[in-house]
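A structural walkthrough
The residues making up each chain are set out below.
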Amino acid sequence: MSEITKQIEQLANADQVAAYKAYQSLLVTVTRASESADGSKRTQVAEALAAELNAAVPGGKDDKGKEKPPGIKHAPKVRNQVARLLSYVGAENEVVVLVKALDDLDVREMARFALDRNTSYAATKALIDALNKIGPTFRVGVINALAKRNGHDTVAAIKRAASDPDVEVRLAAIEAL
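These notes cover the structure that comes with them. (Residues numbered from 1 in each chain as written. Predicted model: local features only at pLDDT ≥ 70, side-chain atom pairs only at ≥ 80, totals over all residues. Heavy atoms only, no water.)

A look at the packing of aromatic side chains
Scanning the model with the defined rule gives 0 aromatic pairs in all. Residue placement shows Arg108 over the ring face of Phe138; its charged tip is 5.0 Å from the ring centre. (Phe/Tyr/Trp six-rings, centres within 6.5 Å; stacked < 30°, edge-to-face > 60°. Lys NZ or Arg CZ within 6 Å of the ring centre and 35° of its normal.)

A word on helix H7 (residues 121–130)
Burial in H7 covers these residues: Ala123, Thr124, Ala126, Leu127, Ile128 and Ala130. Those residues of H7 hidden inside the fold are in contact with helix H5 (95–101), helix H6 (108–117), helix H8 (136–146) and helix H9 (152–161). (Buried < 20%, exposed > 50% of the residue type's maximum accessible area, 1.4 Å probe, protein only. Helix = DSSP H or I, 4+ residues; strand = E, 2+ residues; numbered from the N terminus. Contact = heavy atoms within 4.5 Å.)

Points about the packing of helix H2 (residues 16–34) against helix H3 (residues 40–53)
Where H2 meets H3, the axes come as close as 7 Å, and the angle between the chain directions of the two elements is 140 degrees. By the angle between their axes, H2 is oblique relative to H3. In this structure, the crossing between H2 and H3 has a hand that is left-handed. On H3, the residues touching Thr29, Val30, Ala33 and Ser34 of H2 are Lys41, Arg42, Val45 and Leu49. Grouping the constituent residues of the contact of H2 with H3 by class yields 4 nonpolar, 2 polar and 2 charged. (Axes fitted to C-alpha atoms, helices over the stretch in contact; angles between N-to-C directions. Parallel < 35°, antiparallel > 145°, perpendicular 65-115°, else oblique. Left-handed = near helix turned anticlockwise from the far one by under 90°. Nonpolar A, V, L, I, M, F, W, Y, C, P; charged D, E, K, R; others polar.)

Observations regarding the packing of H8 against helix H10 (residues 167–176)
In the contact formed by H8 and H10, the axes pass within 9 Å of each other and the chain directions differ by 5 degrees. Taken together, the axes of H8 and H10 lie roughly parallel to each other. Contacts between H8 and H10 involve Pro136, Arg139, Val140, Ile143 and Asn144 on the former and, on the latter, Glu168, Val169, Ala172, Ala173 and Ala176. In terms of residue class, the contact of H8 with H10 is made up of 7 nonpolar, 1 polar and 2 charged.

A few points about the pattern of salt bridges
Under the definition given, this model contains 10 salt bridges. We note a salt bridge from Asp116 to Arg112, for which the minimum N-O separation is 3.9 Å. Pair noted here: Asp116 and Arg112 are both in helix H6, with a separation of 4 residues, about one helical turn. Taking the relative accessible area as the measure of exposure, Asp116 reaches 12% and is therefore buried. One salt-bridge network, in which partners are shared between bridges, spans Glu109, Arg112, Asp116, Arg117 and Lys148. (Salt bridge = Lys/Arg side-chain N within 4 Å of Asp/Glu carboxyl O.)

The following block contains the structure:
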C-alpha cells in the first residue's frame, strides 16, 4: 500500500487531528509534485489519487456474517478531498475518473472543480458533456468553468446553454459569451 493510500484512509479517521494531519501531509505531497521539473512525480501522485477517487470495495460478508453489497471505498467527504487534491496535479489521464465522479451527487461539484483546473482538451470536452447533467446550479458552475476556455466547441456549447429552459443557466451562458 502506498503512502498516499495510507494517508487517504486517514482522512476518514474519527480523530479530527489525525484526519487534518493526513490532509496537510497530502497537500504538501501534491504541491511539491505539481512543481516537479520533469513531471514524473506529478504523474505518480496524480495516478495514486485517481486510483483512490472512485476505488471500489468488493461485496462479501461482514463481521456478523451478513451479506454486504459492493460499493465505493471512501465516504463522500474523503472523495471530495481527493478530488480537490487532484485539481493540483491532474492532467488528461485523470479526466476519466473525474468524469465518473460527476455521476455521484455528493462528489459532483468537487469533480467539476478539478476538471475546471485541468487544462487538457479532454477536460474541456468533459465539461461540455457535463452541461447535460441534472441541476441548474451545477450547470451554471460548468458554464463558468467553460467561460475560461477557448475553442469552437466551447463557444458552441455555451451558445446552446443560452437557450436553456432554466433562467439561471441562460443568464450564466449569456454572461460567459
